[in-house]
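# Commentary on secondary and tertiary structure
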Amino acid sequence: MAKVTRWVATRDLEIVVDKEPWRLPEGLQQQVNQYWDGLIRHGTPFFRGPVLSVRQVHEEGSSVVIEGVLTDYAHYLFSRQLPAQHPYQVRVLFAAACLVTRDNWLIAGVMSPDTSRPGWIQAIGGSPNFDDIVDGRFLPVFSARREALEEVGIEIPPSRCEVKGFTQDEMGRIAIAVSMSLEQRCDEIINDVRRYLNILSQDGPTELEDVLGIPIGPSGLHVLESQTRPVVRYLKAIVQGFYTGG
């Protein structure tokens, strides 16, 4: 399967979540539980929280409706061992908090050693909380604002947040790009966030170990391509999409 990540620019986006969580066959659920129990026995500091998976995407002109279903982190981690087209493969759906500085840089995070993707460079944000789903609708701006506050200590008012579009890879995984406009320059934000992470780490493991700035445009793509650390593919699509006016 060719690795392709597309960018879809849209501000008319609705994410509908099934009323019932994803029910796995009994045998598969037992495998998931055993896999999770093994991780915990080995001292892995993961939390079995909710994960949103893509069911279907309906596009009509500039309007998009995404159907999702809730599962959990254990199922998500286990499904990474399954074939890409397995009927119980988790195709994650989440809000990417795209922090854009006054001088037009995107702030990205470097995942800490205690996460499932240590050292990876990705957008701020991650799996939704139950509070991010209201009346059967996933609210990406609400989720992105919560994640920005939790992960990097930045509270951004709703008036400075806007869904610009989403990325989708060949497996169907989706990152909703929420543009979050900051008043500070890139260097100021990075210094502030590093101080915040240092304080946060004194109380235990953090989601991020560092942050970096990526200029929005061709030079930003070069920054990502020249990284020695792994970079999630959707981040490149977001940088390109923001630059081209998405």
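None of the values given here were measured: they were computed from a predicted structure.

Here we come to the overall build of the protein chain. Summing up its helical and strand segments, the protein chain has six helices and twelve strands in all. Relative to the 2.2 N^0.38 estimate, which gives 18 Å for 246 residues, the radius of gyration of the protein chain is 18 Å and therefore close to what a compact globule would have. With respect to the principal axes defined by its C-alpha atoms, the protein chain has extents near 50 × 50 × 35 Å. Going through the 246 residues of the protein chain one by one, you find that 49% of them count as buried. Sequence separation of 24 or more characterises 68% of the internal contacts of the protein chain that already satisfy a separation of 6 or more. Total accessible area on the protein chain stands at roughly 12,200 Å², and carbon and sulfur atoms take up 49% of it. Charge separation in the protein chain, taken as the distance between the mean sites of 24 positive and 31 negative side-chain charges, equals 4 Å.

With that settled, the discussion passes to a nonpolar patch on the surface. A cluster of nonpolar side chains, contributed by Val134, Leu139 and Phe142, occupies part of the molecular surface with about 220 Å² of accessible area. Within the secondary structure, Phe142 is located in helix 3 (residues 140–152). The partly exposed category is assigned to Phe142, whose relative accessible area is 38%.

Ile66, Leu99, Ile176 and Met180 are the most contacted members of the largest nonpolar core, which has 38 residues in total. Not counting the four nearest positions on each side in its chain, Ile176 is found in contact with Leu13, Ile15, Ile66, Leu93, Phe94, Ala95, Ala96, Pro140, Val163, Gly165 and Phe166. Core analysis: the next-biggest nonpolar cluster, separate from the first, contains 23 residues, Ala96, Val100, Ile214 and Phe242 among them.

This part is about the packing of helix 3 against helix 4 (residues 186–201). Closest axis-to-axis distance for the helix 3/helix 4 pair is 8 Å, and the angle between their directions is 70 degrees. What the angle tells us is that helix 3 and helix 4 run roughly perpendicular. On the side of helix 3, the interface is formed by Leu149, Glu150, Glu151 and Val152, while helix 4 contributes Val193, Tyr196, Leu197 and Leu200. Residues belonging to the contact of helix 3 with helix 4 are distributed by class as follows: six nonpolar, no polar and two charged.

Here we come to the packing of aromatic side chains. For the structure shown, the criterion picks out seven aromatic pairs. Members of the aromatic cluster, joined through ring pairs, are Trp36, Phe46, Tyr73 and Tyr76. The side chain of Arg55 reaches across the aromatic face of Trp22, ending 5.6 Å from its centre. We note Arg117 situated over the ring of Trp120; from NZ or CZ to the ring centre the distance is 4.0 Å.

Listed in full, the buried residues belonging to helix 5 (residues 218–225) are Gly220, Leu221 and Leu224. Within helix 5, the buried residues cover an arc of 100 degrees as seen down the axis, which keeps them to one side. Relative to its buried face, helix 5 has exposed residues pointing more than 90 degrees away, namely Pro218, His222 and Glu225. Looking at the packing, one finds that the buried side of helix 5 touches strand 12 (208–215) and helix 6 (233–243).

We now examine helix 6. Among the residues of helix 6, those classed as buried are Tyr234, Leu235, Ala237, Ile238, Val239, Gly241 and Phe242. The positive-phi residue at the C-terminal boundary of helix 6 is Gly245, with phi of around 100 degrees.

Phi angles above zero are rare outside glycine, and Asn104 is one such case at about 70 degrees. Relative to the helices and strands, Asn104 resides in the loop between strand 5 (93–100) and strand 6 (105–111). Positive phi, close to 55 degrees, is recorded for Asp135, a residue that is not glycine. Mapped onto the secondary structure, Asp135 falls in the loop between strand 8 (133–134) and strand 9 (137–138).

The subject of this paragraph is the pattern of salt bridges. Going through the model one piece at a time under the given rule, you end up with 16 salt bridges. The closest approach of N and O atoms between Arg11 and Glu162, which form a salt bridge, is 2.7 Å. Of this pair, Arg11 sits in the loop between strand 1 (5–9) and strand 2 (12–17) while Glu162 sits in strand 10 (residues 161–169), and the two are 151 residues apart along the sequence. Between Arg146 and Asp132 there is a salt bridge whose closest N-O contact spans 2.6 Å. Taken together, the positions of Arg146 in helix 3 and Asp132 in the loop between strand 7 (121–123) and strand 8 put the pair 14 residues apart, joining distant regions of the chain. Its relative accessible area of 0% is what places Asp132 among the buried residues. Taken together, the shared-partner salt bridges connect Asp132, Arg146, Glu147 and Glu150 into one network.

Analysis parameters
- Residues numbered from 1 in each chain as written.
- Predicted model: local features only at pLDDT ≥ 70, side-chain atom pairs only at ≥ 80, totals over all residues.
- Heavy atoms only, no water.
- Helix = DSSP H or I, 4+ residues; strand = E, 2+ residues; numbered from the N terminus.
- Rg over C-alpha atoms; globule rule 2.2 N^0.38 Å.
- Buried < 20%, exposed > 50% of the residue type's maximum accessible area, 1.4 Å probe, protein only.
- Contact = heavy atoms within 4.5 Å.
- Areas by Shrake-Rupley, 256 points an atom, 1.4 Å probe, with all protein chains shown as cover.
- Lys, Arg positive; Asp, Glu negative; His and termini not counted.
- Charge placed at Lys NZ, Arg CZ, Asp CG, Glu CD.
- Patch = residues over 30% accessible without salt bridge, like charges linked within 9 Å, V, L, I, M, F, W, Y side chains within 5 Å.
- Salt bridge = Lys/Arg side-chain N within 4 Å of Asp/Glu carboxyl O.
- Core = buried A, V, L, I, M, F, W, Y, C linked by side-chain atoms within 4.5 Å.
- Axes fitted to C-alpha atoms, helices over the stretch in contact; angles between N-to-C directions.
- Parallel < 35°, antiparallel > 145°, perpendicular 65-115°, else oblique.
- Nonpolar A, V, L, I, M, F, W, Y, C, P; charged D, E, K, R; others polar.
- Phe/Tyr/Trp six-rings, centres within 6.5 Å; stacked < 30°, edge-to-face > 60°.
- Lys NZ or Arg CZ within 6 Å of the ring centre and 35° of its normal.
- Arc of directions from axis to C-beta.

Purely geometric stuff here, so don't read any function into it on its own.
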